[in-house]
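Coordinate analysis (summary)
Chain by chain, the residues run as shown.
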Amino acid sequence: MIPMPFSKVVPLAGLAALVPDGASVALGGSFLHRGPFALVRELIRQHRTYLEIVKQSPGYDIDILCRAGAVARVRAGIVAMEGHLGLAPAYRRAVERQEIELEEHACMTLTAGLRAAAYGVPFQPVGGVHGSDLPALNQWASVPDPYGSGENVWVIPAIRPDIAVIHVNEANERGDARVYGTSHWDRILSRAAKRVFVVAEKLAPVASFRERPELTLIPGFMVEAVTVVPHGAWPGSCWPLYEVDYPAVETYMQSEGLPEAHLAAAPECREPVHA
Amino acid sequence: MPERWSAFSYLVTNLARFIRPDEVTFSGVNSTPPMLACLLAKRAYDFDFVYINVAGGVQPTPSVIPRSSSDPVLAEGSTAIFSNEDFYDLCTRGGMDLCFLGAAQVDGLGRTNVSAIGDWHAPKVRLPGGGGGAVMLPTARRAVTWRTEHSRRTLVEKLDFVTAAGGLHGVVTPLAVFELRDGSLALRSWHPEASLVEVQRRTGFAFDATGAAPTPPPGARESAALRSLDPDGQFEREANVALR
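Described below are features of the structure shown in this document.

Cut-offs used in this document
- Residues numbered from 1 in each chain as written.
- Chains lettered and ligands numbered in written order.
- Predicted model: local features only at pLDDT ≥ 70, side-chain atom pairs only at ≥ 80, totals over all residues.
- Heavy atoms only, no water.
- 1 Å grid on protein atoms, 1.4 Å probe; cavity = no way out; pocket = protein on both sides within 12 Å on 5 of 7 lines; lining within 4 Å.
- Points joined across faces, edges and corners; volume = space filled by probe spheres on them.
- Nonpolar A, V, L, I, M, F, W, Y, C, P; charged D, E, K, R; others polar.
- Core = buried A, V, L, I, M, F, W, Y, C linked by side-chain atoms within 4.5 Å.
- Buried < 20%, exposed > 50% of the residue type's maximum accessible area, 1.4 Å probe, protein only.
- Contact = heavy atoms within 4.5 Å.
- Helix = DSSP H or I, 4+ residues; strand = E, 2+ residues; numbered from the N terminus.
- Pairing = 2+ DSSP bridges.
- Axes fitted to C-alpha atoms, helices over the stretch in contact; angles between N-to-C directions.
- Buried area = accessible area lost by both parts, 1.4 Å probe.
- Salt bridge = Lys/Arg side-chain N within 4 Å of Asp/Glu carboxyl O.
- Polar contact = N/O pair within 3.5 Å; in protein donor to acceptor, adjacent residues only side chain to side chain.

With that out of the way, let us pick up the layout of surface pockets. The volume enclosed by the second largest pocket comes to roughly 270 Å³. Classifying every residue of the lining of the second largest pocket gives 11 nonpolar, two polar and four charged.

This is the structure in structure tokens:
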């Protein structure tokens, strides 16, 4: 019998309490898909402030955090609600009023910075970028190929978030976590960050992870804490369990200020949270 | 009078016409028209091509057509999940034949601005940001964009900010189709209910129009494919695009 370590499962409020004001927080998922939105809402309920948000393609998450005044800085590649929903209005307003600082990336330059952190090196080359105004804006350097091809490559300094929060389909009490469908950018986020938090749709037996270890995206030893929030990626999707709740997103977008009704209607407030 | 060839159909059909046999073709986030174009090409054309998308799909057979072009249903039926790092790395090492990228402003050199209108540091409008553009536009073999508005404020002489450079291979608007020729965007064709003069009047950059002609109307299979993808017209309504 393998000894059972203590459980890493905590309540949602307990997980959010582990995020200090001013932390650099990387959020998993992409746009309205499999984002750790329950945790994002809980950060707002706990009045977190001065956060730095790191995500290649944030949308709902950055928008609602901007509405709550929880954000100081964003490092992102593309920000939108997506498709017919258009731009993320609260985020857009916050940048236009210069209330938050934006470090604008291409999704892959942000990833290059995360790769540098994950690889344990100070910077990381990235393909492309030539001719863009982004390097001058961000004071990125380019270096000649030291092996003499004559090619110049842009190099991105390491980006090491304090915390990565990943919403997953299944986890176990040791922290092993797996997703179904695309992993978006979650793998590199989990390797680049100093601490990894998991929000899971449900707990699954350790034995099921042992049967299919190749399905595990994040091994438990890298994970500090897990919380279980069924439907926690609402109003976004979590494949294959549920789709985007477009009426809820549209209602959110039509509301003004801190969306109290939206926060109160969230699944983590409606359904019993198992700890 | 409503146009005979709807602006929405013009946009999607002409994006699809950039797709070539056997090539690796990609559609990304915030890209409903190219997503529809890739799915249209699968249904309307006799050739095969490798359709990959930002949802990780590789030759997917989605059971529904999603409103979000990054919806995980776009990986349904896929025999592999090709995640974000995979398709970007494929692109930078030269393996992406055709890539559809978004743009707010396009200049005559086929560069894009998706960052800000006005001064970047004090923007009049903060735009979404380039996403894949700065990395994919210079490294994909061909990159094609679309604009739902054809005007001097979207097709500009000078970009407010250069998000991505490298020369778009093609640009499709409700009014016209441009393609890169000798490093500059040249007019390939215009909406058959418009004219060369109208394209010139509504375009902010100067362009070569040698050989340009009215766009060939949609074929029966192209029209049928688009109808099958948008049977109740929801995509067309939400795209909210018009020739004028």
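On we go from here.
One finds Tyr 91 of chain A together with Met 96, Met 136 and Phe 178 of chain B to be the most contacted residues of the largest nonpolar core, which totals 125 residues. Beyond its immediate stretch of four places on either side in the chain, Tyr 91 of chain A contacts Ile 62, Asp 63, Cys 66, Val 74, Val 79, Ile 100 and Leu 102 of chain A together with Arg 126 of chain B.

A separate point is unusual backbone geometry. Residues and elements named next belong to chain A. Cis geometry is found at the peptide bond from Trp 234 to Pro 235, where omega equals 5°. Turning to its location among the elements, Pro 235 is positioned in the loop between strand E12 (223–228) and helix H9 (246–254). The phi dihedral of Glu 82 is positive, around 90°, even though this residue is not glycine. Among the structural elements, Glu 82 can be located in the loop between strand E3 (71–76) and helix H4 (89–96). Take Glu 82: its relative accessible area is 4%, and that puts it in the buried class.

Residue and element names in this part refer to chain B. Looking at chain direction, strand E10 (residues 170–172) and strand E11 (residues 176–181) are connected through three bridges and run antiparallel. What sits directly across from Val 171, in E11, is Phe 178. Bridge count for E11 against strand E12 (residues 184–190) is six bridges, and the pairing is antiparallel. Within the sheet, the bridge partner assigned to Arg 181 lies in E12 and is Ser 184. Where E11 hands over to E12, the hairpin turn is made up of two residues, of which Asp 182 adopts a positive phi near 50°.

Let us now look at the sheet that holds strand E6 (residues 141–144) of chain A. All names here are of chain A. The sheet built from three strands is open, its strands ordered E5-E7-E6 with antiparallel pairing. Each edge of the sheet is formed by a strand with only one pairing partner; in this case those strands are strand E5 (123–126) and E6. Mean inter-strand twist for the sheet, computed between neighbouring axes without regard to direction, equals 40°. Relative to strand E7 (residues 152–157), E5 is paired through four bridges, and the arrangement is antiparallel. Within E7, the residue paired with Pro 125 across the bridge is Val 155. Sitting on the sheet, helix H5 (residues 107–119) is in contact with E5 and E7, with an inclination near 140° to E5.

To continue, consider the interface of chain B and chain A. The partner chain A presents 44 residues to the 43 residues of chain B that form the contact. Around 3700 Å² of area is buried between chain B and chain A when both sides are counted, 59% of it from carbon and sulfur atoms. Of all residues in chain B, Arg 67, Glu 85 and Arg 126 of chain B give up the largest surface area on contact with chain A, accounting jointly for 17% of the area buried on that side. Here chain B is connected to chain A by four salt bridges. For Arg 126 of chain B, the salt bridge identified is with Glu 104 of chain A, shortest N-O distance 3.0 Å. Counting across the chain B and chain A interface gives 23 residue pairs in polar contact (both at pLDDT 80 or more). Where the side of chain B that touches chain A is concerned, the elements lending two or more residues are helix H3 (84–92), strand E7 (122–126) and helix H4 (133–139) of chain B.

Here we take up the sheet that holds strand E13 (residues 213–214) of chain B. Residues and elements named next belong to chain B. The strand order across the open sheet built from eight strands is E2-E1-E3-E8-E10-E11-E12-E13, with neighbouring strands paired in mixed fashion. With partners counted over all chains shown, the strands left at the sheet margins are strand E2 (50–53) and E13, one partner each. For strand E3 (residues 98–100) and strand E8 (residues 142–146), the ladder comprises three bridges, and the chain directions are parallel. Residue pairing for E8: Cys 99 is matched across the bridge by Ala 143.

The subject of this paragraph is the side chain of Ser 24 of chain A. All names here are of chain A. Here Ser 24 shows up in strand E1 (residues 24–27). Ser 24 sits in the buried class, given a relative accessible area of 9%. Here Glu 52 takes part through its side chain, which lies 2.7 Å from a polar atom of the side chain of Ser 24. In contact with Ser 24, not counting residues within four places along its chain, are Glu 52, Val 54, Pro 161, Asp 162 and Ile 163.

It is worth spelling out the pairing of strand E10 (residues 195–203) of chain A at this point. All names here are of chain A. Sheet topology places strand E8 (residues 163–171) next to E10; eight bridges connect them, and they run parallel. Bridge pairing links Ile 163 to Arg 195 in E10. Here E10 runs beside E12; their pairing, made up of five bridges, is parallel. Bridged to Ala 200 within E12 is Val 228.

Keep in mind these values describe shape, not function.
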